[in-house]
4 protein chains.
Amino acid sequence: MSTADENALRDDICRFARSLFERGLTPGSSGNISVRLEDGGWLVTPTNASLGHLDPARLSRLDASGTLLSGDKPTKEIPLHAALYETRGSARAVVHLHSTHAVALTLLPEIDPRSALPPLTPYYLMRAGQTALVPYYRPGDPAVADAIKGLAGRYSSVLLSNHGPVVAGESLEAAVFATEELEETAKLYLLTRNVNPRYLSRAQVDDLVTTFKCEIADPDALDRQCRAPDCPTHGFGFLGGIAREPAED
Amino acid sequence: MSTADENALRDDICRFARSLFERGLTPGSSGNISVRLEDGGWLVTPTNASLGHLDPARLSRLDASGTLLSGDKPTKEIPLHAALYETRGSARAVVHLHSTHAVALTLLPEIDPRSALPPLTPYYLMRAGQTALVPYYRPGDPAVADAIKGLAGRYSSVLLSNHGPVVAGESLEAAVFATEELEETAKLYLLTRNVNPRYLSRAQVDDLVTTFKCEIADPDALDRQCRAPDCPTHGFGFLGGIAREPAED
Amino acid sequence: MSTADENALRDDICRFARSLFERGLTPGSSGNISVRLEDGGWLVTPTNASLGHLDPARLSRLDASGTLLSGDKPTKEIPLHAALYETRGSARAVVHLHSTHAVALTLLPEIDPRSALPPLTPYYLMRAGQTALVPYYRPGDPAVADAIKGLAGRYSSVLLSNHGPVVAGESLEAAVFATEELEETAKLYLLTRNVNPRYLSRAQVDDLVTTFKCEIADPDALDRQCRAPDCPTHGFGFLGGIAREPAED
Amino acid sequence: MSTADENALRDDICRFARSLFERGLTPGSSGNISVRLEDGGWLVTPTNASLGHLDPARLSRLDASGTLLSGDKPTKEIPLHAALYETRGSARAVVHLHSTHAVALTLLPEIDPRSALPPLTPYYLMRAGQTALVPYYRPGDPAVADAIKGLAGRYSSVLLSNHGPVVAGESLEAAVFATEELEETAKLYLLTRNVNPRYLSRAQVDDLVTTFKCEIADPDALDRQCRAPDCPTHGFGFLGGIAREPAED
């Protein structure tokens, strides 16, 4: 990677981080972002740094063995990022936030750890796929890596209990957008969880999977969450969509 | 349209898009905006672009047949925009967002697809008119056009189930402001739906329609939503408005 | 007022307006602000203008009779502003927003039109005083002036049903800050209305009134809202405040 | 402290204040920030100033006796800040906000004044420690100092009833980040208080205390709040964390 390319990437990391921070997606000094470089090394945000005020020149530059080459001391969540890169060969970036609604989701008793969110919207599945929930680990505890490795690379988006989301993407942009979609979907879940909301049906999810290659790690868990749009309990009519309206009795 | 005018319009699209994004009205790379030009062609935001970081020079420029003349590949929601322009002759701009509360509204079982929101405020009716709810379609599915065409141009604001709002306006500004009003009204609905809120009465709505030419596509659906401010269940007194206070028993 | 002073005031109006807009306190093109000048004329925000993008040079400049001297056509809410200036001799600025939670408050059936919010915090009383609720009027309807005049200048903060707050202040800054405090208090009310929250006691309110000259237009309505901090139902202990703890049984 | 250092500190105060304000963490002219200097004097934000628009040159500069040396008149909350510095020898900065959810928390009847928030996340304990709740005092009432002194320096984060949080830190940055974490945790508490959320267990808290030196002022109050993750009522399984999963029956 040329110096100019690396500098552009450093600027992108700081620009996305600032945008996430300013829109309230992670408070104070929480959250961290890494990008894996072609030489196997990383650029990663420093420990105790606020995503709102990063300095591109001070990002931690690690080599492939994790040794700090330049910049500030890296985030203590390195084991978490490393486990995602190790198990997801296509991952080029990892984003970890403390976004409010995704954290709140991890506190709820009804969450299925194999499918933490039901199929509320197509964009959730297209960007984040299914989401796993792993137990609580002390921040920086390298044992979190075992939990991530236990997922065997089948999930690109994972929730850490009482802590927050971590998402891998094939580019920095993809990881950031998937993390935003995850937070948005958690917000929708919390807004509607008590009011019998209409989820996507299994057929609608299958159509998305076929068209957009969404990752469904656990189809059985998904089956339990999908609600048939024409079932007696949840079905209801729509306007204007003649061909697709559920049949009226 | 002169080059200077088109450049000003490109700047306006990017400025409004950025403002919507920064205030949290659409996350990540969601949402898209189009403007129909005098020659029948369009300016439209590119696919996979975040509304927060558009480049005026890279907006997709299409001719009247939909062929890309310059700029990046356009959003895959072109059929959605096209259907609104086709059925609403006065439309000059279309805005589609994934704004949280409007999306949440589409998940609720009680929503009337002919009138997705009750008359909570005058500005909702003045800017957005009544709102239709159409069924879920896979993002980019051209069949959504049939659902929009099924509305026969009677609604300027439409909610796509499990997806988000789409709003047509006679100017870019009008479409943006109507979309914001729709999201605001959805938020008010969700904040108050369980607490017996006071809606506008049918007489108050009629007064707005007469004065401001609000579009009421389905008066019967509206009738069912209006609650009389002086009815035994919902009526309550006010301060200072002597002439208009409901009569006390 | 010198040209330099008027220009500084124009800049202040636009700066406050932009700050309110960017923090989500009024959407789209909603809201308007006026300042009364020494010659009896006004500076006021134009009709159909977004508070987020005002041009200082295009603010409407009216003379004491309400005639437009320069700038764009003024907001159609002129009668509302005029009624507040007429009944509140000390008012130098009026702010009207469509802030979400204050609007939601006007929809609730339990609101007392003489005291729309209970004494949740001291700053609410210090900045906004008590708040009146007046009935719904069509936007721009000059009859709203009669409702405001019916309050006889006893309230600096008023809620318009299904519409939004309007607040008069002795300076632009005071009116803006009072409007923000009103919205914040409405949010607190909505967050806690079902959970038996602890309000200020009447003695605590009296202490504020004595110290800070808070305006209490209707002491009886306030009495009904204050809850004794040591009553059997609502009293509970605190830490560290030995002298002021309610006596334990 | 050199003039250059003091100027940098003034800029930092204004930058953090603006960031807090713009992200909605304190409205209008609420909130104040102080930093204790090496000579025992302070820099503190002025009275009636909005944190969103501070001028570094106009911050109040006090000497060790509290006399104003330069700048605008200081906030009337000086006794509050002074009491925290007096009882917390390591404190170098104090932040006081009117952040919505922390204020709402003080209104709830179920709050334990010795431990105002349960252990929802590790970062809450790492940044803010336990939080005390003190009774209501009139803003600027010097008696609040007695309540703070009654805590004997055992809490770095304190909630003032019907008013807001005040947090001491060993640096400006630490105090700001702890205040943000407190607000975030209050938001999580309010989002999940009715849905049987999973808190950290006492063993998990002890692990944090050992590793990060979190301040636990009242272990008994904490004990009552911790819920065992494998208890019959609250336990539930996780995915991927084999070694730490609660045993299944």
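Residues numbered from 1 in each chain as written. Chains lettered and ligands numbered in written order. Predicted model: local features only at pLDDT ≥ 70, side-chain atom pairs only at ≥ 80, totals over all residues. Heavy atoms only, no water.

Under an unreviewed UniProt entry, the name given to chain A is 3-oxo-tetronate 4-phosphate decarboxylase, and the organism recorded is Azorhizobium caulinodans. Of chain A, the UniProt comment under Cofactor (unreviewed entry) reads exactly: "Zn(2+)". (UniProt positions renumbered as here; feature names shortened; annotations may be inferred.)

Draft legend 1. Layout of the interface of chain D and chain C. Between chain D and chain C, the residue contacts involve 39 residues of the former and 35 residues of the latter. When chain D packs against chain C, the two sides together hide about 3,300 Å² of surface, and 63% of this comes from carbon and sulfur. For the chain D face of the interface with chain C, the top three residues by lost area are Leu107, Tyr136 and Asn162 of chain D, together amounting to 19%. Remark: the boundary between chain D and chain C carries one salt bridge. Asp207 of chain C is the partner of Arg138 of chain D in a salt bridge, and the nearest nitrogen-oxygen pair spans 3.0 Å. It is helix H3 (residues 100-107) of chain D that provides the largest number of residues to the side of chain D that touches chain C, a total of five residues. Residue composition of the side of chain D that touches chain C, by class: 19 nonpolar, 12 polar and eight charged. (Contact = heavy atoms within 4.5 Å. Buried area = accessible area lost by both parts, 1.4 Å probe. Salt bridge = Lys/Arg side-chain N within 4 Å of Asp/Glu carboxyl O. Helix = DSSP H or I, 4+ residues; strand = E, 2+ residues; numbered from the N terminus. Nonpolar A, V, L, I, M, F, W, Y, C, P; charged D, E, K, R; others polar.)

Draft legend 2. Main features of the relation of the copies chain D and chain C. Relative to chain C, chain D is turned by 90° and slid 0.0 Å along the rotation axis, the superposed coordinates differing by an RMSD of 0.0 Å. With respect to symmetry, the two chain copies, as superposed, fit the operation of a four-fold axis. Closest approach to the rotation axis within chain D is made by the C-alpha atom of Arg23 of chain D, at a distance of 5.1 Å. (Least-squares fit on C-alpha atoms with pLDDT ≥ 70 in both.)

Draft legend 3. Spotlight on the interface of chain A and chain B. If you look at the interface, chain A gives 35 residues, while chain B gives 39 residues. Inspection of the chain A/chain B interface yields one salt bridge. At the level of secondary structure, the elements contributing two or more residues to the side of chain A that touches chain B comprise helix H1 (3-22), helix H4 (122-128), helix H6 (172-192) and helix H7 (202-212) of chain A. For the side of chain A that touches chain B, the element with the most residues is H6 of chain A, which contributes eight residues. Partitioned by chemical class, the residues of the side of chain A that touches chain B number 16 nonpolar, nine polar and 10 charged.

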